[in-house]
Structures are given as structure tokens and as C-alpha cells.
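As a plain string of letters, each chain reads:
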Amino acid sequence: MSQGSRLQGKVAIVTGGGAGFGAAIARRFGEEGAKVIVTDINVEGGEKVAAQNPSNLTFQRQDVTQEADWNMVLDLAFSKFGRVDILVNNAGTTYRNKPTSEVTEEEWERVFKVNVKSIYLATKALMPRFIEQGQGGSVINISSTGASRPRPGLVWYNATKGAVTNATKGLAAEYGPHNIRFNTVAPLLSGTGLFSMFTGMEDTPENREKFIGNVPLGRLCDVNDIANMCLYLASDEARFINGTEMVVDGGKLTATDYIVHIILYPNMTYDFKSVPVIDLSLEKSPITRPKLLQELHHALTCIGFLYIKNHDVPQDVISNLKYALPTLFALDAAEKEEVALHNSPHFLGYSPVGSETTAGVADKREQFEFATELPDLWHLGLPLYERLKGPNQWPSTNPSLRIIIEEYIHELTNLGERFLRLVAEALSLNPETLFSFLSEQHRLKIVHYPASDPSSDSNMQGVGPHKDSSGWWTFLLQASPPTVKGLQALNKTGEWIDVPAIEDTFVVNIGQAFEVVTHGVCKATTHRVLSGFSERYSVPFFQGVRGSLTKEEAVGTLRSHFAMQKMALEASEGASVDSAFLRGRYDTWGESQLRTKIRSHRDVGRMFYADVFHDYVNDDS
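Residues numbered from 1 in each chain as written. Predicted model: local features only at pLDDT ≥ 70, side-chain atom pairs only at ≥ 80, totals over all residues. Heavy atoms only, no water.

Asker: Outline the packing of aromatic side chains, supporting the account with residue identities and numerical values.
Answerer: All told, the structure shown has 15 aromatic pairs when counted by the stated rule. Between the aromatic rings of Phe347 and Tyr609, the centroid separation amounts to 5.9 Å while the plane-to-plane angle is 15°, which identifies the pairing as stacked. Placement of the pair is Phe347 in the loop between helix H12 (333-338) and strand E10 (349-351) and Tyr609 in the loop between helix H20 (602-608) and helix H21 (610-617), with a sequence separation of 262 residues. Taken as a pair, Phe347 and Tyr609 share a single burial class, namely buried. Centroid distance Phe419 to Phe475: 5.5 Å. Interplanar angle 85°. Geometry classified as edge-to-face. Separated by 56 residues along the polypeptide, Phe419 in helix H13 (residues 400-426) and Phe475 in strand E16 (residues 473-478) bring together distant segments of the chain. Residue Phe419 is classed as buried on the basis of its relative accessible area, which comes to 1%. (Phe/Tyr/Trp six-rings, centres within 6.5 Å; stacked < 30°, edge-to-face > 60°. Helix = DSSP H or I, 4+ residues; strand = E, 2+ residues; numbered from the N terminus. Buried < 20%, exposed > 50% of the residue type's maximum accessible area, 1.4 Å probe, protein only.)

Asker: Give a description of the packing of helix H11 (residues 315-329) against H13 that names residues and reports values.
Answerer: Packing of H11 against H13 brings their axes to within 10 Å, and their N-to-C directions diverge by 135°. Regarding the angle of H11 to H13, the classification is oblique. In the crossing of H11 with H13, the sense of the turn from one axis to the other is left-handed. Contacts between H11 and H13 involve Val317, Ile318, Asn320, Leu321, Ala324 and Leu328 from the first element and Leu401, Ile404, Ile405, Glu407, Tyr408 and Glu411 from the second. By residue class, the composition of the contact of H11 with H13 is 9 nonpolar, 1 polar and 2 charged. (Axes fitted to C-alpha atoms, helices over the stretch in contact; angles between N-to-C directions. Parallel < 35°, antiparallel > 145°, perpendicular 65-115°, else oblique. Left-handed = near helix turned anticlockwise from the far one by under 90°. Contact = heavy atoms within 4.5 Å. Nonpolar A, V, L, I, M, F, W, Y, C, P; charged D, E, K, R; others polar.)

Asker: Describe the state of the cysteines, with residues and values.
Answerer: For the structure shown, the criterion picks out 0 disulfides. The thiol of Cys230 is not disulfide-bonded; the next cysteine sulfur, from Cys221, is found 10 Å away. Of the residues examined, Cys230 reaches a relative accessible area of 0% and is grouped as buried. Free cysteine: Cys302, not disulfide-bonded; nearest cysteine sulfur from Cys522 at 9.3 Å. (Disulfide = S-S within 2.5 Å.)

Asker: Break down the packing of helix H19 (residues 589-600) against H21 for me, with residues and values.
Answerer: Taken N-terminus to C-terminus, the directions of H19 and H21 make an angle of 85°; their axes are 10 Å apart at the nearest point. Put simply, H19 runs roughly perpendicular to H21. Of the residues in H21, those touching H19 at Glu591, Leu594, Arg595, Ile598 and Arg599 are Val612, Phe613, Tyr616 and Val617. When the residues that make up the contact of H19 with H21 are grouped by side-chain class, the tally is 6 nonpolar, no polar and 3 charged.

Asker: Tell me what's going on with helix H3 (residues 67-81), and back it up with residues and numbers.
Answerer: With 15 residues, H3 should reach 21 Å at 1.5 Å per residue; the first-to-last C-alpha distance of 21 Å fits that figure. Residues of H3 that are buried: Asp69, Trp70, Val73, Leu74 and Ala77. The buried residues of H3 occupy an angular sector of 135° when the element is viewed end-on, so they sit on one face. Of the exposed residues in H3, those oriented more than 90 degrees away from the buried face are Ala68 and Ser79. On its buried face, H3 is in contact with strand E1 (11-14), strand E2 (35-40), strand E3 (57-61), strand E4 (86-89) and helix H4 (105-133). Directly after H3, the chain includes Gly82, whose backbone phi takes a positive value near 80°. (Expected span 1.5 Å × (residues − 1). Arc of directions from axis to C-beta.)

Okay, here's the thing in C-alpha cells:
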């Protein structure tokens, strides 16, 4: 780089100047006219750097953890140049990324001595001389992005950098009246040979590519990126910059505000405009399985809605159900009344248009609700929510419908379990971890949305905005042609996104219980259905959640796993959706589920749950 004059007439000390950031900073300062004392415990490296510009760079061996060495370096600077204007505390160390319990006491002491004690000693030695000099000065402390975003495996290193950043702000306030400026520079990991130390991974092109996928500008930090930032802070151009943290990371921390895991997959976005399609056949090959898990992780943590294809549910099972739908809804009024939901304390059966409400508004849909066939075993003394379990009501005039629906429930139960194992793996959990939360009963809705003309009907609500509260996961079969629209998901910026029917896929979305268990890392996405000119058929399968699941168990079981991960964002409209288990006073999933059912089907609530009906209906928790 050509010679400049931005630091002409200034004297600087750069610690840790024998390699990496320090060497680049010393060289850059010398190119801009500064007289630089390059210090390092590594004599060979420091001398080599100084030899590159002997007229402006002078090497002095220094152990930054020793007070005597600091006094020696300052004595050299004042005897040789008569002043000091700039100090860059760059010297630092770390240990290899590993579990915190494996960090030795020696490693702990060393990282705090080199990274924190050195700055204490520098301040103690230099501040009196700066003040006596009477012309101000600039102190630049090299911190790390780990100061504000600490991660597992480098806890104590990150703690030292947090101390550096915090101390720098306090020093800026204390010495600002003397025109002595303190600032920090927080670099991203660079390619200076420490990749394995900081990440705990082998330094391979594949692992670097994973890490770089987290950086919007698509590369690691270069030593000259830091040298140029330090040059700015040291120069008179920054004379009004004091107490700041200058993050040099290619936008990584900004991007990390929108992620929930240490690895950010490429093209991740929260204001999604479409819903991703996940190919489950990729799980069958060890070559393609990682790609599937990447894509699934992205969908789980950033969208909450996805399609799955190649799901292995037999095509004839799906076709048989689709063909049966018009027949089912063509039952006459007496046949529908025979299996009406208001006859069932289990909330199973037929509901006419307008009988169910969402967000206080009647939904324009009729539906049949079925579940895994179970006997009615509830009796006084059992929790009231156990009464939700029980037998289905089957139309007596068409016995074949039961065979078709039960076969479909069986296949979707198997799909749900297969999918749950993949979800666990995508979230770095044991594949069987999530099964302890499941119920033995899953639910199925078969829904018909009648055609509606928006020009003459002001209420176009097929289903109002809601998060699924009926299960762990929802697997939706959109049983009408792709030209029939209606389903929409709310993205994180508050925009409703169409989720059209795609042949041979299921739409899958997160339920509220899963959001709770993952500590908000995987959000239940708000969605709705709008009525339209064409009738529409829809078949959601709700993977059941164990009714005895307590809020404490739901939150505590995987707390340590998700504690370091960032909660997913949510649009304000979605955050306002009623969620009794998330925000209510009900301790078990079963009771919050019963509350939701009673509020949605108040006729059933009055008939079978009179003792709690008033409390649930008037509870706006």
C-alpha cells in the first residue's frame, strides 16, 4: 500500500505485533507515517515485522502480563520519540474450543491474564503519562464478536472479551475529559491459522464454508480489515469517537439477530415469500441426508411452515380419502345430526358452518372431527381433560368411510413419528427425544369450506388467524385442485403469504406445544384460511400432545439445549394470537387444550363441562 500521512508525527505502541492483526496494524500505522513500537513475546515474529519498515517500526520484546515490561516499553517510547499518542492493546490468547468443564485452571488463568490483566497494566502505566503529556491520546482495545455473542466452548475467552469491551466504555467515560479516547474493535474470526482453536472444528474448506455461510459478505475477516479500522480510530478523523465498539464482521452479528443456531444456512430469511418444499427421500442416503437436515433446520427455525414430498404415505390411501370427501359432506341433515359434535364430550363429530369460532368470529366451514379410536375411560377423580379421549362417531349409513379414515390416521401417525425423528436430528437432539411428549391419541379434521362471493359476503373467514393448539405438529392435506387457494401463513414482517396446494405434498406446521418446548426457537406460525369463489376441502392431522405435560416439564426438559439459541422472531399480529398454554394460568397441556375446545365449541362446553364453562369462556389470559 502506498505511503500516507494520516498518522504523521504520531507515536504508537502495538502489542502482539509479531503476527496476525497486530502485524497488519503495525505495518499500516507505519505506512501512514507513525513511529511504531511493535511489541510481542515472540521475538522472531516481532523482529521480522519491524524489519519490513525499519525507519518507522521498532521492535521490543514484551510480556503484556508483566508490569515491569509495560514500564520498559513506555520508557523506550518516551526516550526514543518523546511521546506516545496511540496504544493498540492487540495481544491476546485463547484455548481450543471445548466443553467448559474441560478448561484447565492454567488455561483459565492464562486467558484472563493476557486478555484482561494486560489492559489493566497498560492503563495503570500509560494514563498518568498521557495526562501529563496534556495532548490526549487514542487507546484501541481489540475485543471480539464473542463479547456480545458468547457461544458454547469458548465461555471464558468470551468472558475476557466482554470484560475488555465493558472496561473500555468505563475508561472512555473516565478519561474522556482529558481528551483520551478509548474504543474497541471486535473482529470476526480471521484466516490467520486459528480457525480450529476458535471453532473446535478441523480447518477444512467444507468447515470454512459452513462458517462463512453465517456471514452476509461471504468471507472471513482479513487482517487488513482490522488494520484499517484501527487506523481510522487512531487518526484525527475519529477525534469525536469515544466509547464505541466497532464490529468488523461482514454483517454476521446483524444476521445472527435472525437466527437461532450457531450455523446459519445460506439464503435464510424471515420475511419469507414462499414456503419451502422438503424432500424426505433425501434421508435415505448418507450423502443427501445432511442437506435434508440443513433445509429442515432452516424451515423449523425461520419459517414454521413447510411442504414435505416423497413422504411414503401410500397414494391409494390419500386418493381414497379425497374421493370420499364429497360423499361425506353430502350426508343429509339427519345423518349429520346423528354424528353431531355437540353429542360428544370428546369434541368428535360433525359441526355445521358457523358453529366454530376463531378469535371471536364465526368460521365459514363445516367439518367432521375424528381421532385415534380410544374407549371412554374417564371417571370422577381423573383430570377433566382426560375426558377429551374417547370413541369417534361414525356415520352409520356408510361403513366404508370408517375404514378409509382409520387407514389414513394410521398412515399419518407413522409419518408423524418418522418426521419427529428428523426434526430432533435437525435440532441436534437424539432422534427419540421428542416422543416422551406425545399422546396416544391424534386428531383429524375433515373440513369443507363452501364457496363464497366476497362482493356479497363481508365475512370471508374460513378460519381466522390462529396458531395450531390441537397438536405437536400439523400435517395438512390440501384436497382441492391447486387452482383453489385459501390457506395463508403470516411471515415475520406481518405479510400474509399464500400457501397453495402442491400435488403429492403435505403442508406441515409447528404447533404451540412445540414452540414452548423449544423455548421459542421454533415458533408456531400464525395462519388463516380465506373463503373464495370455489369450495375447498382440507384435511389437517394433528399429532397429539400428552395431556399431563406440565408447563414446568415442557420448559425445563430441553432448557439447557436451547438456552444459547436465539428465540425466533414473530410479527405483532401473530404474537397477539390467544395461547393459553404459553401465557395462561393453566399448568397442563390437557387443561389448556380443554379450554380451547370449550371456547371454540361453546354448545359442547355448556352441555358437558358446565362446572368450568364460565371460567374458560371468560378467561382472556
